[in-house]
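Examination of the molecular architecture
Here is how the chains run, residue by residue.
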Amino acid sequence: MGMKLTTLICSGILILFALCSVVYALGGIDVLFLLCAGSERALRTLHAAVAVSGLWLAFWLVAFRPADALS
């Protein structure tokens, strides 16, 4: 149950990051910077959390191969 919850949390973080990136690309509003209240340190910490989430999902895809059940 713990790994499933971790995977869902990491997926949610990456989806939120992607949505904020789309808003920045299309509208020019840096939502992540606004969420961090203009703090560069908080923004770097957020980027580090997103990087760890991406690495976790890459590990999950390699270790558990969820696409094998599709074939």
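Residues numbered from 1 in each chain as written. Predicted model: local features only at pLDDT ≥ 70, side-chain atom pairs only at ≥ 80, totals over all residues. Heavy atoms only, no water.

For the rest of this paragraph, the subject is the overall build of the chain. When you go through the chain residue by residue, the secondary structure sums to three helices and zero strands. Mapped from its N terminus to its C terminus, the chain presents α and β elements in the order α-α-α. In summary, the chain has a C-alpha radius of gyration of 15 Å against a globular reference of 11 Å for 71 residues, an excess of more than 25%. C-alpha extents for the chain along the principal axes are approximately 45 × 25 × 15 Å. Among the 71 residues that make up the chain, the fraction classed as buried is 13%. When contacts within the chain are restricted to residue pairs at least 6 apart in sequence, those whose partners lie at least 24 apart make up 56%. For the chain, the exposed area adds up to about 5,400 Å²; of that, 74% sits on carbon and sulfur atoms. (Helix = DSSP H or I, 4+ residues; strand = E, 2+ residues; numbered from the N terminus. Rg over C-alpha atoms; globule rule 2.2 N^0.38 Å. Buried < 20%, exposed > 50% of the residue type's maximum accessible area, 1.4 Å probe, protein only. Contact = heavy atoms within 4.5 Å. Areas by Shrake-Rupley, 256 points an atom, 1.4 Å probe, with all protein chains shown as cover.)

This paragraph deals with helix H1 (residues 2-27). With 26 residues, H1 ought to run about 38 Å at 1.5 Å a step, and its terminal C-alpha atoms sit 37 Å apart, in line with that. Of all the residues in H1, the buried ones are Thr 7, Cys 10 and Cys 20. Considering only its buried residues, H1 is in contact with helix H2 (31-35) and helix H3 (40-64). Taken from the residues just after H1, Gly 28 is the one with a positive phi, measuring 80°. (Expected span 1.5 Å × (residues − 1).)

Attention now moves to unusual backbone geometry. The phi dihedral of Ala 37 falls on the positive side, at around 55°, and the residue is not glycine. For Ala 37, the position within the fold is in the loop between H2 and H3. Classification of Ala 37 by relative accessible area gives exposed; the value is 72%.

Taken as a whole, this structure holds one aromatic pair when the rule is applied. Aromatic pair Trp 56 and Phe 59: ring centres 5.4 Å apart, planes at 50°, arrangement tilted. With Trp 56 and Phe 59 both in helix H3 and three residues apart, the pair spans about one turn of that helix. In this structure Trp 56 comes out as partly exposed when scored by relative accessible area, which is 22%. (Phe/Tyr/Trp six-rings, centres within 6.5 Å; stacked < 30°, edge-to-face > 60°.)

The geometry of H1 relative to H3 is characterised by a closest axis approach of 9 Å and an angle of 130° between their N-to-C directions. The orientation of H1 with respect to H3, classified from their angle, is oblique. Where H1 crosses over H3, the handedness of that crossing is left-handed. Note on element contacts: H3 touches H1 through His 47, Val 50, Ser 53, Gly 54, Trp 56, Leu 57, Phe 59, Trp 60 and Phe 64, opposite Met 3, Thr 6, Thr 7, Cys 10, Ser 11, Ile 13, Leu 14 and Phe 17. Among the residues forming the contact of H1 with H3, the class breakdown is 11 nonpolar, six polar and no charged. (Axes fitted to C-alpha atoms, helices over the stretch in contact; angles between N-to-C directions. Parallel < 35°, antiparallel > 145°, perpendicular 65-115°, else oblique. Left-handed = near helix turned anticlockwise from the far one by under 90°. Nonpolar A, V, L, I, M, F, W, Y, C, P; charged D, E, K, R; others polar.)

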